[in-house]
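Chain residues, written in single-letter form:
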Amino acid sequence: MSVFLLFGFLLGLRHALEADHLAAVATLATRSKSLAHTVKLGAVWGLGHTIALSVFGSMILMMDTIVPDQFARALEAAVGLMLVILGIDVLRRLYRERIHFHIHRHPSG
């Protein structure tokens, strides 16, 4: 049983490091003014994912069924839409807060 739990944990870590998760969490974390708040935000994000996966995964297992393909595609589209909205929010904040980027050089030696 421990091997299966470890395997599930490792798959969860891999899933958490996928581009869509990193983009979403990074976008949300940029709103934070402190490291403690950012860590709390990440923990809440992870807990929310864990609870959702546990609830819906358990329901699917108990009903001995699969997620219909059309529903899975709709969920993926919703994730894509969420990422677009988060990206627009980042661009809006960059513009509103007049955040800019520039290249600078450090003196050598």
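In short, a report on the structure. (Residues numbered from 1 in each chain as written. Predicted model: local features only at pLDDT ≥ 70, side-chain atom pairs only at ≥ 80, totals over all residues. Heavy atoms only, no water.)

1. Details of the overall build of the protein
Basically, it comes down to this: The way it works is that DSSP assigns letters per residue, a run of H or I at least four long becomes a helix, a run of E at least two long becomes a strand, and they are numbered from the N terminus. C-alpha atoms define the radius of gyration, and 2.2 Å times the number of residues to the power 0.38 defines the globule rule. Contacts between residues were defined by any pair of non-hydrogen atoms, one from each residue, lying within 4.5 Å. Under the counting rule used here, the positive set is Lys and Arg, the negative set is Asp and Glu, and His together with the chain ends is not counted. For the purpose of locating charges, the reference atoms are NZ of Lys, CZ of Arg, CG of Asp and CD of Glu.
Helix and strand counts for the protein come out as 4 helices and 0 strands. From first element to last, N terminus to C terminus, the protein shows the α and β order α-α-α-α. A compact globule built from 109 residues would reach a C-alpha radius of gyration of about 13 Å, whereas the protein, at 19 Å, exceeds it by more than 25%. Summarising its shape, the C-alpha atoms of the protein cover approximately 60 × 35 × 25 Å along the three principal directions. In the protein, the share of contacts with a sequence separation of at least 24, taken over all contacts with a separation of at least 6, comes to 57%. Counting 10 positive and 7 negative side-chain charges, the protein places the averaged centre of each group 17 Å from the other.

2. As for the packing of helix α2 (residues 19-29) against helix α3 (residues 35-62)
How we decide: Axes here refer to lines fitted to C-alpha atoms; in helices the fit is confined to the stretch in contact. Angles between the N-to-C directions go from 0 to 180 degrees. Convention used here: angles under 35 degrees read as roughly parallel, angles over 145 as roughly antiparallel, angles from 65 to 115 as roughly perpendicular, and any remaining angle as oblique. Helix crossings are classified by the rotation of the near helix relative to the far one: an anticlockwise turn of less than a right angle makes the crossing left-handed, while a clockwise turn makes it right-handed.
Where α2 meets α3, the closest approach of the two axes is 10 Å, and the angle between their N-to-C directions is 140°. In terms of axis orientation, α2 runs oblique to α3. In this structure, the crossing between α2 and α3 has a hand that is right-handed. On α3, the residues that touch H21, A24, V25, L28 and A29 of α2 are T38, L41, W45 and H49.

3. Notes on the pattern of salt bridges
This is how it is decided: A carboxyl oxygen of Asp or Glu within 4 Å of a side-chain nitrogen of Lys or Arg is what we treat as a salt bridge. Relative accessibility thresholds used throughout: buried, under 20% of the residue-type maximum; exposed, over 50%; partly exposed, between the two (1.4 Å probe, protein chains only).
Following the criterion strictly, the structure yields 4 salt bridges and no others. Between D69 and R73 there is a salt bridge, with the nearest N and O atoms lying 3.0 Å from each other. In this pair, D69 and R73 are both assigned in helix α4 (residues 69-96), 4 residues apart and thus about one turn of the helix distant. With relative accessibility at 52%, the residue R73 sits in the exposed group. Note that R96 is salt-bridged to E97, the shortest N-O span being 3.4 Å. Linked through salt bridges whose partners overlap, the residues forming this network are D89, R92 and R93.

4. Let's talk about the environment of R96
So the rule is basically this: Distance and chemistry together define a polar contact, namely a pair of N or O atoms within 3.5 Å, with one atom able to donate a hydrogen and the other to accept it when in protein, and with adjacent residues in sequence counting only for side-chain atoms on both sides.
With respect to the helices and strands, the residue R96 is situated in helix α4. Spatially, the C-alpha atom of R96 lies 34 Å from that of R73, the residues being 23 residues apart in sequence. Reaching out from R96, the side chain makes a polar contact with the side chain of E97 at a distance of 3.4 Å.

5. A closer look at a nonpolar patch on the surface
Worth spelling out the cut-off: The patches reported here contain residues having more than 30% relative accessible area and no salt bridge. Joining distances are 9 Å for like charges and 5 Å for nonpolar side chains (Val, Leu, Ile, Met, Phe, Trp, Tyr). Per-residue and other accessible areas follow the Shrake-Rupley method at a 1.4 Å probe size, with only the shown protein chains counted as cover for residues.
On the surface, L47, I51, V55, F56, M59, M62 and M63 cluster together into a nonpolar patch covering about 760 Å² of accessible area. Within the fold, M63 resides in the loop between α3 and α4.

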